[in-house]
Amino acid sequence: MITQSSIHRKRIAAALVLAVVCGMAIAINFDSEGQPAPMVPIVVDHESSTTLDTLLATIADERVVYVGETHTAYHDHLLQLEVLKGMADQPGKLALGVEWIQARFQPVVDRYLAGGISEAEFLKGIEYYERWRFDYRLYRPLVEYARANGIPIVALNAAKELTSAVSRLGIDELPDDLRAELPDGYDFSDKRYEESLRQMFRMHPVGGEGQFERFYQVQLTWDETMAQNVADYLAAGDDHRMLVLAGKGHVSGRSGIPNRVTRRIGLKGVTVASFDPGSRLFNEADYMVLANEQRLPAAGIMRVMLEERDGAVVISDFGAESPAEAAGVKKGDSIVAINGEPVSSFIDVKVLMLDQLPGNEIDLTVQRERVFGGTKNDTYRFALAAAN
């Protein structure tokens, strides 16, 4: 059977046909109305560019490397994976620091890496589908490589409860229990970063200037919390190294996380990011990577809508041309198993479907209420549709 993971392995090499442009910084300039000015065309001299392997050798002595991402960009995550593999071959106690897990869930991460819980329990424990929600197939190869190679993963981010309260109340009005979760310090002095964030805010304004101040405080709460957690790991030993994976807004120009790590422990590190010609913000790094754009393979789906009710995963409705409905599955059926693997939660369904492609056949076992009382289990086989 063809799986997502087999396609991942085949495409990684092809995806990273790239050039690395050293010391490339695309400055963010603003026009008289405060809008990002058109970017000046860039010329890349092929003879002065390098390859990713050469870059990894060049930065082998760096204790901290930041690789920015657009969360939905598959090629960014492929780049991150290749950097992780390269750093894993170098000396030192390497850890992977990630934005997309909140620090309060570190014990769950540790248990999964140690083999104490399943992948479904891991995703449920970090509340992945409630707090991050991006297609987990983007991040799964990174997690599984770290797990297979004994690389600790450090959950970097601030809790959603904290940042939501900062957005509502502001830092000064937080209740004591949440104030205890604030980072150990804030630096509001970077006016260029503030202006960049102001431009982001103006693209999707909510409220006036006062609301921007809350928006700014939330951004810095993310930045400072992640910087503190990076610094704490690196400060624990001179041989400690970290690859930090975070959104480009937290890495570009060093204003988000990198400078705040430097403020705490003096380490500068290097920043790496793919060049995005469609973006006028956050195209600034020590090394800009020109890589082929890649997209995740289409997912195979049942085109069903699910609800969790009383400990069961219930089919509440069907999408257009649902192969499950065509096979005989009905509204109100509870999913019992997929390909013989038991299902007891929505996350079980998500994990069991992660590797499925359009056209793959699955066996879906459902429990149905009988007309005259009781229940019965039936199994339906059908080929999956493609996600739109």
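Residues numbered from 1 in each chain as written. Predicted model: local features only at pLDDT ≥ 70, side-chain atom pairs only at ≥ 80, totals over all residues. Heavy atoms only, no water.

### Quick word on the overall build of the chain
Working step 1: When you go through the chain residue by residue, the secondary structure sums to 15 helices and 15 strands.
Working step 2: Classification of the 388 residues of the chain by burial places 51% in the buried group.
Working step 3: If you take every contact in the chain between residues at least 6 apart in sequence, the share linking residues at least 24 apart comes to 68%. (Helix = DSSP H or I, 4+ residues; strand = E, 2+ residues; numbered from the N terminus. Buried < 20%, exposed > 50% of the residue type's maximum accessible area, 1.4 Å probe, protein only. Contact = heavy atoms within 4.5 Å.)

### Some thoughts on the packing of aromatic side chains
Working step 1: Here the structure, examined in full by the defined rule, presents 15 aromatic pairs.
Working step 2: Joined through ring pairs, the aromatic side chains of Trp100, Tyr128, Tyr129, Trp132, Phe134, Tyr136, Tyr139 and Phe346 make up one cluster.
Working step 3: The side chain of arginine 147 reaches across the aromatic face of tyrosine 112, ending 4.1 Å from its centre. (Phe/Tyr/Trp six-rings, centres within 6.5 Å; stacked < 30°, edge-to-face > 60°. Lys NZ or Arg CZ within 6 Å of the ring centre and 35° of its normal.)

### Some words on the pairing of strand β2 (residues 64-69)
Working step 1: In terms of burial, β2 is largely enclosed, as six of its six residues are buried.
Working step 2: Both faces of β2 are covered, namely the face carrying Val64, Tyr66 and Gly68 and the face carrying Val65, Val67 and Glu69.
Working step 3: By the bridge criterion, three bridges tie β2 to strand β6 (residues 270-274) in an arrangement that is parallel. Within β6, the residue paired with valine 65 across the bridge is valine 270. (Pairing = 2+ DSSP bridges.)

### Points about helix α10 (residues 191-203)
Working step 1: The first and last C-alpha atoms of α10 sit 19 Å apart over 13 residues, in line with the 18 Å expected at 1.5 Å per residue.
Working step 2: Listed in full, the buried residues belonging to α10 are Tyr193, Glu194, Ser196, Leu197, Arg198, Gln199 and Phe201.
Working step 3: Here α10 starts with a cap whose side-chain oxygen sits 3.3 Å from the backbone nitrogen of arginine 192, and that cap is aspartate 190. (Expected span 1.5 Å × (residues − 1). Polar contact = N/O pair within 3.5 Å; in protein donor to acceptor, adjacent residues only side chain to side chain.)

### Concerning the layout of surface pockets
Working step 1: If you add up the space inside the largest pocket, you get close to 820 Å³.
Working step 2: As for the largest pocket, its lining consists of 36 residues, of which His71, Glu99, Trp132, Trp222 and His250 are closest to the centre.
Working step 3: For the lining of the largest pocket, the secondary structure elements donating two or more residues are β3 (93-102), α6 (128-131), α8 (160-169), α10, α11 (209-235) and α12 (248-251).
Working step 4: Partitioned by chemical class, the residues of the lining of the largest pocket number 17 nonpolar, twelve polar and seven charged.
Working step 5: Roughly 580 Å³ of volume is contained in the second largest pocket. (1 Å grid on protein atoms, 1.4 Å probe; cavity = no way out; pocket = protein on both sides within 12 Å on 5 of 7 lines; lining within 4 Å. Points joined across faces, edges and corners; volume = space filled by probe spheres on them. Nonpolar A, V, L, I, M, F, W, Y, C, P; charged D, E, K, R; others polar.)

### Topic: the confidence of the model for the chain
Working step 1: On average, residues of the chain carry a pLDDT of 89, and 86% of them reach 70 or more.
Working step 2: Counting contacts from residues 1-17, a segment whose pLDDT is below 50, to residues more than four positions away or on other chains yields 42 contacts. (pLDDT = per-residue confidence, 0-100.)

### Considering the environment of serine 164
Working step 1: By the secondary structure assignment, serine 164 is in helix α8.
Working step 2: A C-alpha to C-alpha distance of 10.0 Å links serine 164 and arginine 214, two positions 50 residues apart in sequence.

### Here's the deal with the side chain of glutamine 217
Working step 1: Tracing the chain through its elements places glutamine 217 in helix α11.
Working step 2: Contact partners of glutamine 217, with chain neighbours within four places excluded, come to Val166, Gly170, Ile171, Tyr186 and Phe188.

### With respect to the environment of threonine 54
Working step 1: If you trace the backbone, threonine 54 turns up in helix α2 (residues 52-58).
Working step 2: Here threonine 51 takes part through its side chain, which lies 3.0 Å from a polar atom of the side chain of threonine 54.

### Points about empty space enclosed by the protein
Working step 1: Going through the model one piece at a time under the given rule, you end up with two cavities of 30 Å³ or more.
Working step 2: Considering only enclosed or pocket space, the second largest cavity measures out at about 40 Å³ in volume.
Working step 3: If you go around the second largest cavity, the residues you meet are Tyr74, His77, Leu78, Leu81, Arg137, Leu138, Pro141 and Leu142.
Working step 4: Every element with two or more residues in the lining of the second largest cavity is listed here: α3 (74-88) and α7 (140-148).

### As for the packing of α3 against α7
Working step 1: Viewed as axis vectors pointing N to C, α3 and α7 meet at an angle of 15°, and their least axial separation amounts to 9 Å. Put simply, α3 runs roughly parallel to α7. For the pair α3 and α7, the crossing hand works out as right-handed. Contacts from His77, Gln80, Leu81, Leu84, Lys85 and Ala88 in α3 reach Pro141, Leu142 and Tyr145 in α7. (Axes fitted to C-alpha atoms, helices over the stretch in contact; angles between N-to-C directions. Parallel < 35°, antiparallel > 145°, perpendicular 65-115°, else oblique. Left-handed = near helix turned anticlockwise from the far one by under 90°.)

### Describing the nonpolar core
Working step 1: Core analysis: the largest hydrophobic core is formed by 50 residues, its most contacted members being Trp100, Phe122, Ile126 and Tyr136.
Working step 2: No other element matches α3, which puts seven residues into this core.
Working step 3: Of all hydrophobic cores here, the second largest spans 18 residues; its members include Met302, Val349, Met353 and Phe382. (Core = buried A, V, L, I, M, F, W, Y, C linked by side-chain atoms within 4.5 Å.)

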